[in-house]
Amino acid sequence: MPDAHSDGFTGYLYETGIKDSSATSGYIGAQILRRSLTGKTELTLITYWDNLESIKAFAGDDISQARLYPEDEVYELEPDLSVQHYEVIEHQFSPELRG
């Protein structure tokens, strides 16, 4: 997305994807990653779930298809339309970073 939309879209992402996913049973958490590119900003949303059935409850039967929202186009997105799924087999966080 153009840099100008980055902050606004982050707030919009909380009001749509984060709000909807966190209201779904089986949701564990999320991370939003941001990186600057030339004239653009790339945001990646990573969500954590207890199992694939919980993801289906949020996304629908085809969990490989991205869930988009009607106002996404306001932010001039170039969305990935497919979703990748991974099994978390290890995670570690520094004790100083734990909430």
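Parameters at a glance
Residues numbered from 1 in each chain as written. Predicted model: local features only at pLDDT ≥ 70, side-chain atom pairs only at ≥ 80, totals over all residues. Heavy atoms only, no water. pLDDT = per-residue confidence, 0-100. Helix = DSSP H or I, 4+ residues; strand = E, 2+ residues; numbered from the N terminus. Pairing = 2+ DSSP bridges. Phe/Tyr/Trp six-rings, centres within 6.5 Å; stacked < 30°, edge-to-face > 60°. Buried < 20%, exposed > 50% of the residue type's maximum accessible area, 1.4 Å probe, protein only. Arc of directions from axis to C-beta. Polar contact = N/O pair within 3.5 Å; in protein donor to acceptor, adjacent residues only side chain to side chain. Salt bridge = Lys/Arg side-chain N within 4 Å of Asp/Glu carboxyl O.

To continue, consider the confidence of the model for the protein chain. Across the protein chain, the average pLDDT comes to 85, with 91% of residues at 70 or higher. Mean pLDDT in the protein chain bottoms out at helix α1 (residues 6–22), which sits at 82, and peaks at helix α2 (residues 52–59), which reaches 95.

Relative to strand β2 (residues 40–49), strand β1 (residues 27–37) runs antiparallel, the two sharing 10 bridges. In the sheet register, tyrosine 27 faces β2, and the bridge partner there is tryptophan 49. Where β1 hands over to β2, the hairpin turn is made up of two residues, of which glycine 39 adopts a positive phi near 75 degrees.

We now examine the packing of aromatic side chains. Following the criterion strictly, the structure yields two aromatic pairs and no others. Here tyrosine 27 and tryptophan 49 contribute two aromatic rings whose centre-to-centre distance is 5.6 Å and whose plane-to-plane angle is 80 degrees, an arrangement assigned as edge-to-face. Linking tyrosine 27 in strand β1 with tryptophan 49 in strand β2, this pair joins segments that are 22 residues apart in sequence. Note on tryptophan 49: relative accessible area 14%, which makes it buried.

All of the buried residues in α2 are Ser54, Ile55 and Phe58. The buried side chains of α2 occupy one side of the element, clustering within an arc of 100 degrees when seen end-on. For α2, the exposed residues lying more than 90 degrees away from the buried face are Glu53 and Ala57. With a side-chain oxygen positioned 3.0 Å from the backbone nitrogen of glutamate 53, the residue opening α2 is asparagine 51. Looking at the residues trailing α2, positive phi occurs at glycine 60, about 100 degrees.

Summed over the entire model, instances satisfying the criterion amount to three salt bridges. Residues glutamate 53 and lysine 56 are paired through a salt bridge, measuring 3.7 Å at the closest nitrogen-oxygen approach. Pair noted here: glutamate 53 and lysine 56 are both in helix α2, with a separation of three residues, about one helical turn. Accessibility expressed as a relative area gives 54% for glutamate 53, which makes it exposed.

Relative to the helices and strands, tyrosine 75 is located in the segment after α2. With 67 residues separating them along the chain, tyrosine 75 and glycine 8 place their C-alpha atoms 8.2 Å apart.

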